[in-house]
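What follows is each chain in one-letter form.
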Amino acid sequence: MSYRPSELRRQREAARHQASRRSTLIATVSTVAIGALLVFVVTGAPGFDRVRESFFNFHYAKTALPHVLSGLWLNLRVMFIAEIFVLIFGLLIALARTSRSPLLYPVRLLAAAYTDFFRGLPLLLVLFLVGFGIPGLQISWIPNSAVVLGTVSLILTYSAYVAEVIRAGIEAVNPAQRMAARALGLTQSQTQRRVVLPQALRKVTPPLLNDLVSLQKDSGLISVLGAIDAIRAAGIETAQSFNFTPYLVAGGLFVLLTIPLTRFTDWLTRKQDRARVQQGQW
Amino acid sequence: MTSSLLEIKDLRKSYGDELVLQDVSLSLSEHQVKVVIGASGSGKSTLLRCVNLLEAVDDGQILLAGEDITSVGVNADQVRAQIGSVFQAFNLFPHLTVIQNIILAPVLVHGVSKEEAKVQALKLLERFDLIDKAGQYPDLLSGGQQQRVAILRAVINKPKVLLLDEVTSALDPILIAEVLALISELKADGMTMMIATHEMGFAKQVADEVLFLHQGQICEVGRPEDVLVSPQTHHLADFLGSLRRAGRL
Ligand SMILES: Nc1ncnc2c1ncn2[C@@H]1O[C@H](COP(=O)(O)OP(=O)(O)O)[C@@H](O)[C@H]1O
Ligand SMILES: [Mg+2]
């Protein structure tokens with residue numbers, strides 16, 4: 001016996017098909033309309049020609065690109081080093097803050113003070129304090145390179161953010177999980193490492209990646225200390241030509257750099273949401 | 001020394017001002033199965049949690065194989081490693097597969113090699129018809145399967161006593177049956193157990209002794225065919241009456 005779709009099913013499918021064609025059409029029309037409106041408003045603006053000349057000049061873009069790219073290479077290295085340290089420190093601080101050992105009480109207190117302080121302090125100020133303050137101390141064994149101190153500032157600030165995200169994840173793990181682990185005879189630290197932390201990290205991967213995206217773009221701020229990164233390189237070009245296109249080139253490169261990570265974060269968030277819906281947690 | 005495996009003497013426990021367990025004394029000998037019944041809030045879970053030291057007792061003693069596990073300076077982790085506990089919510093670890101759940105404690109707590117633990121785990125899963133679930137994550141299992149895995153996760157450590165706290169109350173009838181069948185097999189293996197349950201039919205079937213808790217006190221104790229059929233106190237009579245009206249007896 002072969003299955004023959006009923007008339008009812010054919011009608012349903014036809015209706016669904018039509019509905020989806022209609023939404024595609026609406027989406028297309030509205031995209032074109034809004035795009036046209038934007039172009040009209042921007043190009044019709046009285047100063048448009050001047051803006052185009054100073055921000056979108058192909059010639060300056062081409063001459064600036066190699067310099068900006070070599071600056072970007074510095075950003076990349078700073079991002080990479082900072083991300084590694086931020087993840088390690090963030091994890092350690094989160095663990096210290098959520099531990100219950102009385103021995104760690106002072107560490108817990110210190111960690112709490114640290115996160116409060118560095119989450120509140122604007123990164124720009126941290127950069128100034130570390131980048132100009134520390135060399136001022138004239139301690140011989142501390143390097144006073146702008147790159148190193150800028151990276152340290154990024155690490156100081158972002159470790160505080162990441163620690164808070166991980167701590168939230170640890171606290172979101174169902175206490176019954178901890179109970180179940182302890183009931184099996186696992187010690188406090190085995191429970192933390194083998195049961196709580198893996199679940200916590202899974203929960204907070206999307207916000208964690210968001211912080212890393214943010215760190216990537218803030219790596220451009222080390223230019224205020226004089227490190228020749230992509231933004232600084234663009235600034236040097238601009239100072240010679242009085243044309244702002246190099247900044248736009250740098251900006252575009254930063255966006256390109258973060259897109260893979262933001263896409264990945266979105267994808268992961270959607271995947272986790274779907275899994276949660278399937279598990280009926282919603 | 002005492003001949004009983006688990007002995008509870010004059011246990012007393014309160015939460016704040018609320019006295020939850022009072023003068024609870026009992027003794028469980030090897031291979032014995034004791035079923036604890038009582039209304040919701042009568043203290044069944046608290047009693048079991050005191051035994052595996054997830055709650056600190058206020059007064060009294062608990063002896064496991066003659067050793068006072070409530071005395072100061074006892075290593076609670078070592079005590080818990082000798083006691084199996086399974087609770088109402090399955091609490092399998094969602095980030096680990098079934099077999100990883102089962103071998104976690106043998107490897108981390110009991111010093112069994114990973115290979116050996118796997119062999120033992122597969123044997124258990126095979127025996128209880130769960131072998132095809134070994135590599136799956138818990139959220140893909142039915143409630144009954146999850147609860148059976150949770151019990152096996154405790155059993156693999158060869159606990160001196162297995163504590164089961166309403167392990168079927170989150171399940172529908174068909175799934176309940178498969179969990180109860182597993183527990184019956186464990187009894188046949190000679191496992192010493194203390195079980196809190198609302199399944200009176202099951203209590204009759206596996207209990208060597210039934211213990212009725214009322215407001216934190218042991219109100220009646222005896223063989224299931226006596227306690228469940230001819231209650232001596234009106235507390236128990238009322239409790240059984242309410243179960244009967246709910247169609248659970
Ligand atoms: N962690 C707790 N904090 C405060 N009160 C509790 C806690 N756990 C249980 N109780 C109280 O202790 C009493 C006994 O609870 P429980 O042992 O869970 O009973 P049962 O398992 O028989 O339903 C109840 O009145 C409950 O409200
Ligand atoms: Mg209970």
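To be clear, the structure that these remarks concern was listed above.
Residues numbered from 1 in each chain as written. Chains lettered and ligands numbered in written order. Predicted model: local features only at pLDDT ≥ 70, side-chain atom pairs only at ≥ 80, totals over all residues. Heavy atoms only, no water.

Novice: Would you take a moment to explain the overall build of chain B for this structure?
Specialist: If you tally the helices and strands in chain B, you get 9 helices and 10 strands. Its C-alpha radius of gyration of 18 Å places chain B within 12% of the 18 Å reference for a compact globule of 249 residues. Referenced to the eigenvectors of the C-alpha coordinate spread, the extents of chain B come out at roughly 55 × 45 × 35 Å. In chain B, buried positions account for 54% of the 249 residues. In chain B, the share of contacts with a sequence separation of at least 24, taken over all contacts with a separation of at least 6, comes to 66%. With an accessible surface of roughly 10,700 Å², chain B has 48% of that area assigned to carbon and sulfur atoms. Side-chain charges of chain B comprise 22 positive and 31 negative groups, with the mean position of each set lying 3 Å from the other. (Helix = DSSP H or I, 4+ residues; strand = E, 2+ residues; numbered from the N terminus. Rg over C-alpha atoms; globule rule 2.2 N^0.38 Å. Buried < 20%, exposed > 50% of the residue type's maximum accessible area, 1.4 Å probe, protein only. Contact = heavy atoms within 4.5 Å. Areas by Shrake-Rupley, 256 points an atom, 1.4 Å probe, with all protein chains shown as cover. Lys, Arg positive; Asp, Glu negative; His and termini not counted. Charge placed at Lys NZ, Arg CZ, Asp CG, Glu CD.)

Novice: Sorry if this is basic, but what is going on with a nonpolar patch on the surface here?
Specialist: A cluster of nonpolar side chains, contributed by Phe80(A), Ile81(A), Ile84(A), Phe85(A), Ile88(A), Phe89(A) and Leu92(A), occupies part of the molecular surface with about 650 Å² of accessible area. Since its relative accessible area comes to 37%, Phe89(A) is described here as partly exposed. (Patch = residues over 30% accessible without salt bridge, like charges linked within 9 Å, V, L, I, M, F, W, Y side chains within 5 Å. Salt bridge = Lys/Arg side-chain N within 4 Å of Asp/Glu carboxyl O.)

Novice: Help me understand the site of ligand 1, please; the structure alone is not making it clear to me.
Specialist: All names here are of chain B. All residues adjacent to ligand 1 are Tyr15, Glu18, Val20, Ala39, Ser40, Gly41, Ser42, Gly43, Lys44, Ser45, Thr46 and Arg49. A distance of 2.7 Å is found between an oxygen atom of ligand 1 and a side-chain nitrogen or oxygen belonging to Ser45. Within the side chain of Thr46, a nitrogen or oxygen atom sits 2.5 Å from an oxygen atom of ligand 1. In isolation ligand 1 offers 560 Å² of accessible surface; the protein chains occlude 64% of this area. Sorting the residues of the shell around ligand 1 by element identifies strand E2 (18–28) and helix H1 (44–51) as the ones contributing at least two each. Among the elements that line the shell around ligand 1, the one with the most residues is H1, at 4 residues. (Near = heavy atom within 4 Å. Polar contact = N/O pair within 3.5 Å; in protein donor to acceptor, adjacent residues only side chain to side chain.)

Novice: Sorry, what's going on with the packing of aromatic side chains here?
Specialist: Any pair of aromatic rings gets described here by the distance separating the centres and the angle formed by the planes. Throughout the structure, instances matching the rule amount to 9 aromatic pairs over all chains. In this structure an aromatic cluster arises from ring pairing among Phe55(A), Phe244(A) and Tyr247(A). The aromatic ring of Phe93(B) is capped on one face by Arg153(B), whose charged end is 4.5 Å from the ring centroid. (Phe/Tyr/Trp six-rings, centres within 6.5 Å; stacked < 30°, edge-to-face > 60°. Lys NZ or Arg CZ within 6 Å of the ring centre and 35° of its normal.)

Novice: So what exactly am I meant to see when it comes to the layout of surface pockets here?
Specialist: Leftover empty space is mapped by rolling, across the atoms, a probe with the size of a water molecule. All names here are of chain A. Each pocket or cavity is described by its volume, and for the second largest pocket that value is around 440 Å³. Breaking the lining of the second largest pocket down by element, the ones donating at least two residues are helix H3 (58–98), helix H7 (175–183) and helix H8 (188–218). Take the lining of the second largest pocket: its biggest share by element is 6 residues, from H8. The class makeup of the residues in the lining of the second largest pocket is 7 nonpolar, 7 polar and 5 charged. (1 Å grid on protein atoms, 1.4 Å probe; cavity = no way out; pocket = protein on both sides within 12 Å on 5 of 7 lines; lining within 4 Å. Points joined across faces, edges and corners; volume = space filled by probe spheres on them. Nonpolar A, V, L, I, M, F, W, Y, C, P; charged D, E, K, R; others polar.)

Any link to function would need more than the numbers given here.
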